[in-house]
Amino acid sequence: MDTFTLIQITDTHLSRARPEFAGNFEVASQIIQQDKPDLVVHTGDIAVEATARSDDLLFGKEAMDSLNTPFRAIPGNHDVGDNPSDHGYVPPKPVTDALVQTYEDHFGPDHWAIDQAGWRLIGLNAQLFSSGLVREKQQHDWLVRMLAETDGRPVAVFCHKPLLRDAIDEPVDVPYRYVPLVNRDPLAATMDAADVRLFACGHVHQARDHWRGNTRHVWCPATAFTLPDDVQPRVGDKRCGLVSYRFSPDAVEVDLQFPPAMLHPEVEVLRKVYAL
Ligand SMILES: [Fe+2]
Ligand SMILES: [Fe+2]
């Protein structure tokens, strides 16, 4: 296959018990079923809060199955809990082996690799960084192997959290937003051993498209909602949407889309679903 089309969605925050964001998922669903990409990748926060209600993941799986399109997913902090991070950050709902296992029971492996159109596409579980779980080292060792076996092909990495804001060694403003500083050098060194052209993430609920060296960093806009500036500092574009990719040997086209039909919930709705 010379080309491979992919739609990335992220941060759908779905729940049978809290259906406030279901309308925007329906808009994404219509686009996906119209465009018929070869693959959908969900980069995490499928659920409103799976650490509190495991049914959120089941509902999210039902929603993804309803797309009638092949898909792969990776977990976010609202799916499996969050990881410790910079400045001594201890998450209120930490990632655990049991939560990751429950996620995998619904969605399959929390990290994966696919070879298409001359590329290697890799999904990573960002919630394992600095977790200390056995899974963290297993994933790192697996990633080293996956990147060593690319034979010069370009690589795209999908990961819930951004690797960086502007630089690997920057002062970090929000510790739970990015890959922890202590994990960045080993991860970047691992990726530098291969030709990683794309690092695509979610989590921030802001859209962004920027470069570090030869790697394009794409922050996929959230499906569910954005946050007001007084709750979350503005770094990128605060609109809901999705990203379309067309991979071909040695190239990828990237198209950030912001469907006008995706609504932006009022902050009162967000406060009702999440205590802001
Ligand atoms: Fe999110
Ligand atoms: Fe997140």
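Look up: the structure comes first, before these words.
Criteria and cut-off values
Residues numbered from 1 in each chain as written. Chains lettered and ligands numbered in written order. Predicted model: local features only at pLDDT ≥ 70, side-chain atom pairs only at ≥ 80, totals over all residues. Heavy atoms only, no water. Donors = N, O, S within 2.8 Å, 3.2 Å for Na, K, Ca; no water. Tetrahedral: all angles 85-135°; square planar, octahedral: opposite > 155°, others 65-115°. Salt bridge = Lys/Arg side-chain N within 4 Å of Asp/Glu carboxyl O. Helix = DSSP H or I, 4+ residues; strand = E, 2+ residues; numbered from the N terminus. Buried < 20%, exposed > 50% of the residue type's maximum accessible area, 1.4 Å probe, protein only. Pairing = 2+ DSSP bridges. Axes fitted to C-alpha atoms, helices over the stretch in contact; angles between N-to-C directions. Contact = heavy atoms within 4.5 Å.

**Describing the coordination of the iron ion (ligand 2)**
- Binding of the iron ion (ligand 2) to the protein goes through Asp 45 (OD), Asn 77 (OD1), His 160 (NE2) and His 203 (ND1), at separations of 2.1 to 2.3 Å.
- Seen from the iron ion (ligand 2), its four donor atoms lie at angles of 89 to 157 degrees, and the figure they make is irregular.
- Between consecutive donors of the iron ion (ligand 2), the numbers of intervening residues give the motif D-x31-N-x82-H-x42-H.
- Separating the iron ion (ligand 2) and the iron ion (ligand 1) is a distance of 3.6 Å, and Asp 45 donates to both of them.

**A short note on the pattern of salt bridges**
- For the coordinates displayed, the defined rule picks out 24 salt bridges.
- Between Glu 20 and Lys 272 there is a salt bridge, with the nearest N and O atoms lying 4.0 Å from each other. Here Glu 20, found in the loop between strand S1 (4–9) and helix H1 (22–35), pairs with Lys 272, found in helix H7 (residues 267–273); they are 252 residues apart in sequence, far enough to count as distant.
- For Lys 272, a relative accessible area of 55% puts it in the exposed group.
- One network of salt bridges, with partners in common, ties together Asp 115, Arg 120, Glu 149 and Arg 153.

**Observations regarding the sheet that holds strand S5 (residues 119–124)**
- Pairing in this open sheet of six strands is mixed, and the strands run S4-S5-S6-S7-S9-S8 from one edge to the other. Edge positions in the open sheet fall to strand S4 (112–116) and strand S8 (208–212), since each of these has one partner strand only. Mean inter-strand twist for the sheet, computed between neighbouring axes without regard to direction, equals 20 degrees.
- Two elements, strand S7 (residues 195–201) and strand S9 (residues 215–219), share four bridges in a ladder whose sense is parallel. Following the sheet pairing, Phe 199 is matched in S9 by His 217.
- Contacting S5, strand S6 (154–159), S7 and S8, helix H6 (residues 181–192) runs over the sheet at an angle of about 135 degrees to S7.

**What to know about the coordination of the iron ion (ligand 1)**
- The protein atoms that coordinate the iron ion (ligand 1) are Asp 11 (OD), His 13 (NE2), Asp 45 (OD) and His 205 (NE2), at distances spanning 2.1 to 2.3 Å.
- Considering all four donor atoms around the iron ion (ligand 1), the spread of angles at the metal, 87 to 172 degrees, places the coordination shape in the irregular class.
- In primary sequence terms, the donor set of the iron ion (ligand 1) follows D-x1-H-x31-D-x159-H.

**Structural notes on unusual backbone geometry**
- The phi dihedral of Lys 36 is positive, around 50 degrees, even though this residue is not glycine.
- By the secondary structure assignment, Lys 36 is in the loop between H1 and strand S2 (39–42).
- The class of Lys 36 is exposed, set by a relative accessible area of 62%.
- You will see that His 203, though not glycine, has its phi angle at about 75 degrees, which is positive.
- One can find His 203 in the loop between S7 and S8.
- Owing to a relative accessible area of 11%, His 203 belongs among the buried residues under this scheme.

Just distances and angles here, no functional claims.
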